Amino acid sequence: MLLPPSTNDDYRGSLAAAWFLVLLGVAWVVPGMIHMFLPDGGAGSIAGIDFGAQTRTIVAIFAWAGATQFAHGLVMIAVGLRYRSLVPLLLAISLVERSLLSIFGWVWKAPPLDGHHPPEHYGSLVAVPLIAVFLWLSLRQPRWRGALPS
């Protein structure tokens, strides 16, 4: 069997956090597909990168990144829908990842002095506090334990 039994009954955090993780997964799958299937991987048409003499290398790197985004997004969707006991772990990993992307994109390994930032840099700045809130919700024990659908 490819998928083990669901762990949803073991999850005690907020259902909103699980659904946020599904949404976050979709937000990974879509750009992953863009990076894999657009002719330029979105590097020029979306991110505004000047290819110079490195067109093939840049497009290949974007396709590689897209493949990892796609796979990571599928895992997030599966966890949010079927393996909710892992929601806090996936949100914590996402918080670390988005925080590092923000640091690299805006502070440490920032783009050239032309001031251009690809859309992902802005998305990461928005994602960090959102993920932190939903991570907190996923770890929080509800005060009321009535019978709610999972």
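Note that this is a predicted model, so its numbers are computed, not measured. (Residues numbered from 1 in each chain as written. Predicted model: local features only at pLDDT ≥ 70, side-chain atom pairs only at ≥ 80, totals over all residues. Heavy atoms only, no water.)

Undergrad: Hey, could you run me through the confidence of the model for the chain in this one?
TA: When pLDDT drops low, the exact placement of atoms in the prediction is not to be read closely. Per-residue confidence for the chain gives a mean pLDDT of 88, with 91% of residues at or over 70. For the chain, the element scoring lowest by mean pLDDT is helix α3 (residues 87–108), at 92; helix α1 (residues 15–37) scores highest, at 95. (pLDDT = per-residue confidence, 0-100. Helix = DSSP H or I, 4+ residues; strand = E, 2+ residues; numbered from the N terminus.)

Undergrad: So what exactly am I meant to see when it comes to the packing of α1 against helix α2 (residues 55–82) here?
TA: If you want to describe how two helices pack, look at the angle between their axes and the distance between the axes. Between α1 and α2, the least distance of the axes is 7 Å, while the angle of their chain directions is 160 degrees. The pairing of α1 with α2 is recorded here as roughly antiparallel in orientation. Note on packing geometry: the crossing formed by α1 with α2 is left-handed. When its residues are assigned to classes, the contact of α1 with α2 shows 20 nonpolar, 8 polar and no charged. (Axes fitted to C-alpha atoms, helices over the stretch in contact; angles between N-to-C directions. Parallel < 35°, antiparallel > 145°, perpendicular 65-115°, else oblique. Left-handed = near helix turned anticlockwise from the far one by under 90°. Nonpolar A, V, L, I, M, F, W, Y, C, P; charged D, E, K, R; others polar.)

Undergrad: What's the story with α2 in this structure? I'm lost.
TA: A turn of α-helix holds 3.6 residues, and therefore any two residues three or four places apart point the same way. Its 28 residues place the ends of α2 40 Å apart at the C-alpha level, agreeing with the 40 Å of an ideal helix rising 1.5 Å per residue. Where α2 is concerned, the buried positions are Ile58, Phe62, Gly66, Gln69, Gly73, Met76, Val79 and Gly80. Elements that come into contact with the buried residues of α2 comprise α1 and α3. (Expected span 1.5 Å × (residues − 1). Buried < 20%, exposed > 50% of the residue type's maximum accessible area, 1.4 Å probe, protein only. Contact = heavy atoms within 4.5 Å.)

Undergrad: Explain helix α4 (residues 119–139) here, please?
TA: Here α4 contains 21 residues, and its C-alpha end-to-end distance of 30 Å stays within 8% of the 30 Å for a straight helix at 1.5 Å per residue. Of all the bends in α4, the largest measures some 30 degrees and sits at Ala127, one to four residues before the proline Pro129. Those residues of α4 lying buried are His121, Ser124, Ala127, Ile131, Phe134, Leu135, Leu137 and Ser138. Those residues of α4 that are buried are in contact with α1 and α3. (Bend = angle between axes of the 7 residues up to and from the residue.)

Undergrad: What's the story with the packing of α2 against α3 in this structure? I'm lost.
TA: Packing of α2 against α3 leaves a shortest axis separation of 9 Å and a crossing angle of 150 degrees. In the packing of α2 onto α3, the handedness of the crossing is left-handed. On the side of α2, the interface is formed by His72, Val75, Met76, Val79 and Gly80, while α3 contributes Val87, Leu90 and Ser94. Each residue belonging to the contact of α2 with α3 can be placed in one class, and the counts come to 5 nonpolar, 3 polar and no charged.

Undergrad: Please explain the pattern of salt bridges as it appears in this structure.
TA: Pairing of side chains with opposite charge becomes possible as their charged atoms draw close. Here the structure, examined in full by the defined rule, presents 2 salt bridges. With a shortest N-O distance of 3.1 Å, Arg98 and Glu97 are connected by a salt bridge. Take Glu97: its relative accessible area is 24%, and that puts it in the partly exposed class. Measuring nitrogen to oxygen at the nearest pair gives 2.1 Å for the salt bridge that ties Glu120 to Arg98. Highlighted residues: Glu120 in helix α4 and Arg98 in helix α3, separated in sequence by 22 residues. (Salt bridge = Lys/Arg side-chain N within 4 Å of Asp/Glu carboxyl O.)

Undergrad: Help me understand the nonpolar core, please; the structure alone is not making it clear to me.
TA: Soluble globular proteins: nonpolar side chains tend toward being buried together. Ranked by internal contacts, the top residues of the largest apolar core, which has 19 residues, are Ala17, Leu21, Leu24, Val87, Leu91 and Ile131. Among the secondary structure elements, those contributing two or more residues to this core are α1, α2, α3 and α4. At 6 residues, the largest contribution of residues to this core is made by α1. If we ignore the near neighbours within four places in the chain, the residues touching Leu91 are Ala17, Phe20, Leu21, Leu24, Ile131, Phe134, Leu135 and Ser138. (Core = buried A, V, L, I, M, F, W, Y, C linked by side-chain atoms within 4.5 Å.)

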